[in-house]
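# Remarks on the overall topology
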Amino acid sequence: MTVQNSDKTLSRKQRLQEKQRRQLSVVDMVDKAEAKVRKAESELAVAVAEAVQVFGDEKSASEGLDMAPEAIRRFLRMAQEETAKNEESAEEA
């Protein structure tokens, strides 16, 4: 006599579909998180650029923000790129 499970055993096709569904769900979650990171980095870049203006120069901003000079420069580049991209968009409109 065989014992029958109340839960039906999934077919290979169903297992594959479930695996793909979970993979797509995780990819979607990562994509959304990456978008949030890009937005946060963009906002941070603007804040760092403002801090450099307020502190007077990169070195003072680095000390005041307790942030490595390389990070300050990276965020300044990001802010400049964002500004240039926004200016291009405005010109095209």
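Reference entry: report on the structure contained in this document. All figures in this text were calculated on a predicted structure; none of them were measured in a lab.

## Here's the deal with a nonpolar patch on the surface
- A cluster of nonpolar residues, Val26, Met29 and Val30, forms a patch on the protein surface that exposes about 270 Å² of accessible area.
- Note that Val26 resides in helix α1 (residues 12-55).

## Some remarks on a negative patch on the surface
- On the surface, Glu87, Glu88, Glu91 and Glu92 cluster together into a negatively charged patch.
- Position of Glu92 among the secondary structure elements: in helix α3 (residues 69-92).

## Let's talk about the packing of α1 against α3
- Between α1 and α3, the shortest axis-to-axis distance is 8 Å and the interhelical angle comes to 105°. In terms of orientation, α1 lies roughly perpendicular with respect to α3. Here Glu41, Ser42, Leu44, Ala45, Val46, Val48, Ala49 and Val52 of α1 come into contact with α3, specifically with Ile72, Arg74, Phe75, Leu76, Met78, Ala79 and Glu82.
- Among the residues forming the contact of α1 with α3, the class breakdown is 11 nonpolar, 1 polar and 3 charged.

## Focus on α3
- Compared with the 34 Å implied by 1.5 Å per residue over 24 residues, the 35 Å span of α3 between its first and last C-alpha is a close match.
- Listing the buried residues of α3 in full gives Ile72, Phe75, Leu76 and Ala79.
- Buried residues along α3 sit in contact with α1 and α2 (58-65).

## Overview of the nonpolar core
- Listed in full, the 9 residues of the largest apolar core are Ala45, Val48, Val52, Ala61, Met67, Ile72, Phe75, Leu76 and Ala79.
- Broken down by secondary-structure element, the contributors of at least two residues to this core are α1 and α3.
- A per-element tally of this core places α3 first, with 4 residues.
- Ignoring sequence-local partners within four residues, the contact set of Ala45 consists of Phe75, Met78 and Ala79.

## Observations regarding unusual backbone geometry
- Positive phi is not limited to glycine here, since Asp66 has a value of about 55°.
- Note on placement: Asp66 falls in the loop between α2 and α3.

## A closer look at the pattern of salt bridges
- Inspection of every chain in the model, using the stated rule, returns 8 salt bridges.
- A salt bridge links Lys85 to Glu82; the nearest nitrogen and oxygen atoms lie 3.6 Å apart. With Lys85 and Glu82 both in helix α3 and 3 residues apart, this pair spans about one turn of that helix.
- In this structure Lys85 comes out as partly exposed when scored by relative accessible area, which is 48%.
- You can call Glu82 partly exposed: its relative accessible area is 25%.
- One connected set of salt bridges, linked through shared partners, spans Glu58, Glu70 and Arg73.

Reading guide: rules and limits
Residues numbered from 1 in each chain as written. Predicted model: local features only at pLDDT ≥ 70, side-chain atom pairs only at ≥ 80, totals over all residues. Heavy atoms only, no water. Patch = residues over 30% accessible without salt bridge, like charges linked within 9 Å, V, L, I, M, F, W, Y side chains within 5 Å. Areas by Shrake-Rupley, 256 points an atom, 1.4 Å probe, with all protein chains shown as cover. Salt bridge = Lys/Arg side-chain N within 4 Å of Asp/Glu carboxyl O. Helix = DSSP H or I, 4+ residues; strand = E, 2+ residues; numbered from the N terminus. Lys, Arg positive; Asp, Glu negative; His and termini not counted. Charge placed at Lys NZ, Arg CZ, Asp CG, Glu CD. Axes fitted to C-alpha atoms, helices over the stretch in contact; angles between N-to-C directions. Parallel < 35°, antiparallel > 145°, perpendicular 65-115°, else oblique. Contact = heavy atoms within 4.5 Å. Nonpolar A, V, L, I, M, F, W, Y, C, P; charged D, E, K, R; others polar. Expected span 1.5 Å × (residues − 1). Buried < 20%, exposed > 50% of the residue type's maximum accessible area, 1.4 Å probe, protein only. Core = buried A, V, L, I, M, F, W, Y, C linked by side-chain atoms within 4.5 Å.

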